[in-house]
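The lines below spell out each chain.
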Amino acid sequence: MAAEVSCDTPYVAEPDGKPRFHVVALDYGIKRNIVHCLARVGCKVTVMPARTTAAEVLALEPDGVFLSNGPGDPAVVTEAVEAVEQLLGQVPIFGICLGHQILSLALGCQTYKLKCGHHGGNHPVMDYATEKIEITSHNHGFAVDEPSLPDAVRVTHRN
């Protein structure tokens, strides 16, 4: 479903003033406000379609790659997982929701369907670096299987 809700052609959001960073956002169903938030903190954001290859991303010489949210089962977004596997170690990568799950699959983790999903606000999340609880909003039906994490991957937050 990610390819169906993705943009058809790339587009760019510019920050007010000189960009601090250039972020390539892979659109698996991105919310426009996420692009605006990145631009507001000084990022030039180049939004690319879901089927963008690693070579196409790297040709843009980004400072980082953002993997967006989107619908569906992360395990079937195989083109995205393959592209992210090729980006690992080349450029910093961060993601939310489906993007986080795609990154996890690229790192060798497994995902699974949640029985009821996590939807709505007021979800407590522990930040292990600060030992503080953050209240977050969620809208996902899949999760990363923690026992499948490779040794080099560590949990930083837990719902």
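Description of the structure in this document. Computed from a predicted structure; not experimentally measured.

1. Here's the deal with the pattern of salt bridges
Phase 1: Applying the stated criterion to the full structure yields two salt bridges.
Phase 2: Note that Glu146 and Arg158 form a salt bridge whose closest N and O atoms lie 2.4 Å from each other. One end of the pair, Glu146, is in the loop between strand 7 (132–144) and strand 8 (157–158); the other, Arg158, is in strand 8, and twelve residues separate them in sequence.
Phase 3: Taking relative accessible area as the criterion, Glu146 reaches 38% and is therefore assigned partly exposed.

2. Notes on the environment of Pro62
Phase 1: Positionally, Pro62 belongs in the loop between helix 3 (54–59) and strand 4 (64–67).
Phase 2: With residues up to four places along the chain from it excluded, the contact list for Pro62 reads His22, Val24, Val57 and Val91.

3. Overview of the layout of surface pockets
Phase 1: Estimates place the volume of the largest pocket at around 1300 Å³.
Phase 2: For the largest pocket, the lining is made up of 35 residues, of which His100, His138, His140, Val144 and His157 are closest to its centre.
Phase 3: Among the secondary structure elements, those contributing two or more residues to the lining of the largest pocket are helix 5 (98–106), strand 6 (111–127), strand 7 and strand 8.
Phase 4: The dominant element in the lining of the largest pocket, judged by the number of residues it contributes, is strand 7, at eight residues.

4. Some remarks on the sheet that holds strand 6
Phase 1: Read from one edge of the open sheet, three strands run 7-6-8, paired in antiparallel fashion. Looking at strand neighbours, the two that pair on one side only are strand 7 and strand 8, the edges of this open sheet.
Phase 2: Pairing analysis gives two bridges linking strand 6 to strand 8, with the strands arranged antiparallel. Within strand 8, the residue paired with Asp127 across the bridge is His157.
Phase 3: Lying on the sheet, helix 5 is in contact with strand 6 and strand 7; it crosses strand 7 at an angle near 70°.

5. Section: the side chain of Thr46
Phase 1: Residue position: Thr46 is located in strand 3 (residues 43–49).
Phase 2: Relative accessible area serves as the criterion here: at 6%, Thr46 is assigned to the buried category.
Phase 3: Non-local contacts of Thr46, meaning those with residues more than four positions away in its chain, are made with Tyr11, Val12, His22, Val23, Val24, Ala25 and Leu60.

6. Details of the side chain of Gln101
Phase 1: For Gln101, the location among the structural elements is in helix 5.
Phase 2: Judged by its relative accessible area of 5%, Gln101 falls in the buried class.
Phase 3: A distance of 2.8 Å separates a polar atom in the side chain of Gln101 from the backbone oxygen of Phe142.

7. Let's talk about the packing of aromatic side chains
Phase 1: Considering all chains together, one arrives at one aromatic pair under this definition.
Phase 2: When the ring of Phe66 is compared with that of Phe94, the centres are 5.2 Å apart and the planes differ by 50°; the resulting orientation is tilted. Of this pair, Phe66 sits in strand 4 while Phe94 is found in strand 5 (residues 93–95), placing the two residues 28 residues apart along the sequence.

Rules used in this analysis
- Residues take numbers from 1 onward in each chain, read along the sequence in its written order.
- At least 70 in pLDDT is required for a residue's local features to be given in this predicted model, at least 80 for side-chain atom pairs to be given and counted, and no such filter applies to totals for whole chains, interfaces and linings, which use all residues.
- Hydrogens and water molecules were not included; the side-chain quantities draw on all heavy atoms of the structure.
- We count a salt bridge whenever a side-chain nitrogen from Lys or Arg sits within 4 Å of a carboxyl oxygen from Asp or Glu.
- Helix and strand assignments come from DSSP, with helices taken as H or I runs of at least 4 residues and strands as E runs of at least 2, each series counted from the N terminus.
- Exposure is judged per residue with a 1.4 Å probe applied to protein chains only, and the accessible area is read against the type maximum: over 50% gives exposed, under 20% gives buried, and values in between give partly exposed.
- By the convention used here, residues are in contact when the closest approach between their heavy atoms is within 4.5 Å.
- Cavities and pockets are defined on a 1 Å grid built over the protein atoms alone: a cavity is a set of grid points where a 1.4 Å probe fits but cannot escape, while a pocket is an open set with protein on both sides within 12 Å along at least five of seven lines, and lining residues are those with an atom within 4 Å of any such point.
- Grid points are joined across faces, edges and corners, and a volume is the space filled by probe spheres set on the points.
- One bridge is not enough; two strands pair if DSSP finds at least two bridges between them.
- Convention adopted: a line fitted to C-alpha atoms gives each axis, helices being fitted over their contacting stretch, and angles between N-to-C directions are expressed from 0 to 180 degrees.
- Two N or O atoms form a polar contact when they lie within 3.5 Å of each other; inside protein one atom must be a possible hydrogen donor and the other a possible acceptor, and for residues adjacent in sequence the pair counts only when both atoms belong to side chains.
- Centre distance within 6.5 Å is the pairing criterion for rings of Phe, Tyr and Trp, where only the six-membered ring of Trp is used; planes under 30 degrees apart are then read as stacked, over 60 as edge-to-face, and the remainder as tilted.

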